[in-house]
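Single-letter residue listing:
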Amino acid sequence: MSNHSGEYFIIKAKENGVNVIGLTRGKDTRFHHSEKLDQGEIMIAQFTEHTSAIKVRGKSTIITPFGTIESDE
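These figures come from a predicted structure and were not determined experimentally.

Peer 1: Just checking my understanding: could you explain the side chain of Thr24 for this structure?
Peer 2: Examined against the element boundaries, Thr24 turns out to sit in strand E2 (residues 18–24). With relative accessibility at 16%, the residue Thr24 sits in the buried group. Excluding its chain neighbours within four sequence positions, the residues that come into contact with Thr24 are Thr29, Arg30, His32, His50 and Ser52.

Now the structure itself:
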């Protein structure tokens, strides 16, 4: 299995019901996985040969090797 980035990122929910959705890699981009986090829950994730993008909906803190992002909505 090939690792496309090797970098992990962290998503910490600041409210109940934060959605984290994985999008596929390849010719057609599709949803392939989703998680729902409640306030205070943390998800550690990584891009893979199947995951090319992550969509986060809800108030959260996202920590990446490039910095920290605070979502307001």
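Peer 1: Would you mind showing me how to read the pairing of strand E7 (residues 67–70) here?
Peer 2: The two faces of the sheet receive side chains in turn, since in a regular strand these alternate between them. In the sheet, strand E6 (residues 60–64) pairs with E7 via four bridges, with the strands oriented antiparallel. What sits directly across from Thr64, in E7, is Gly67. Linking E6 to E7, which pair antiparallel, is a turn of two residues.

Peer 1: Could you clarify how one ought to interpret the packing of aromatic side chains in this entry?
Peer 2: The geometry of an aromatic ring pair comes down to the distance between the two centres and the angle between the two planes. Tallied over the full model, the rule gives one aromatic pair. Pairing Phe9 with Phe47 gives two aromatic rings, centres 5.2 Å apart and planes at 35°, and the pair type is tilted. Taken together, the positions of Phe9 in strand E1 (residues 8–13) and Phe47 in the loop between strand E4 (42–46) and strand E5 (51–57) put the pair 38 residues apart, joining distant regions of the chain. Since its relative accessible area comes to 7%, Phe9 is described here as buried. We classify Phe47 as partly exposed; its relative accessible area is 26%.

Peer 1: Would you mind showing me how to read the pattern of salt bridges here?
Peer 2: When charged atoms on two side chains of opposite charge get close, those side chains can pair. Counted by the stated rule, this structure contains one salt bridge. Its salt-bridge partner being Glu70, residue Lys14 comes within 2.8 Å of it at the nearest N-O pair. In this pair, Lys14 sits in the loop between E1 and E2 while Glu70 sits in strand E7, placing the two residues 56 residues apart along the sequence. Owing to a relative accessible area of 35%, Lys14 belongs among the partly exposed residues under this scheme. On the basis of relative accessible area, Glu70 is assigned to the partly exposed category, the value being 43%.

Peer 1: Is there a simple way to think about the nonpolar core in this case?
Peer 2: Most often, soluble globular proteins keep nonpolar side chains buried together rather than apart. If you look at the biggest cluster of nonpolar residues, it comprises nine residues: Phe9, Ile11, Ala13, Val18, Val20, Leu37, Met43, Ala45 and Ile62. Only E1, E2 and E4 provide two or more residues apiece to this core. Those residues in contact with Ala13, other than ones at most four positions away along the chain, are Val18, Leu37, Asp38, Gln39, Gly40, Glu41, Lys59 and Ser60.

What counts, and at which threshold
- Residues numbered from 1 in each chain as written.
- Predicted model: local features only at pLDDT ≥ 70, side-chain atom pairs only at ≥ 80, totals over all residues.
- Heavy atoms only, no water.
- Helix = DSSP H or I, 4+ residues; strand = E, 2+ residues; numbered from the N terminus.
- Buried < 20%, exposed > 50% of the residue type's maximum accessible area, 1.4 Å probe, protein only.
- Contact = heavy atoms within 4.5 Å.
- Pairing = 2+ DSSP bridges.
- Phe/Tyr/Trp six-rings, centres within 6.5 Å; stacked < 30°, edge-to-face > 60°.
- Salt bridge = Lys/Arg side-chain N within 4 Å of Asp/Glu carboxyl O.
- Core = buried A, V, L, I, M, F, W, Y, C linked by side-chain atoms within 4.5 Å.

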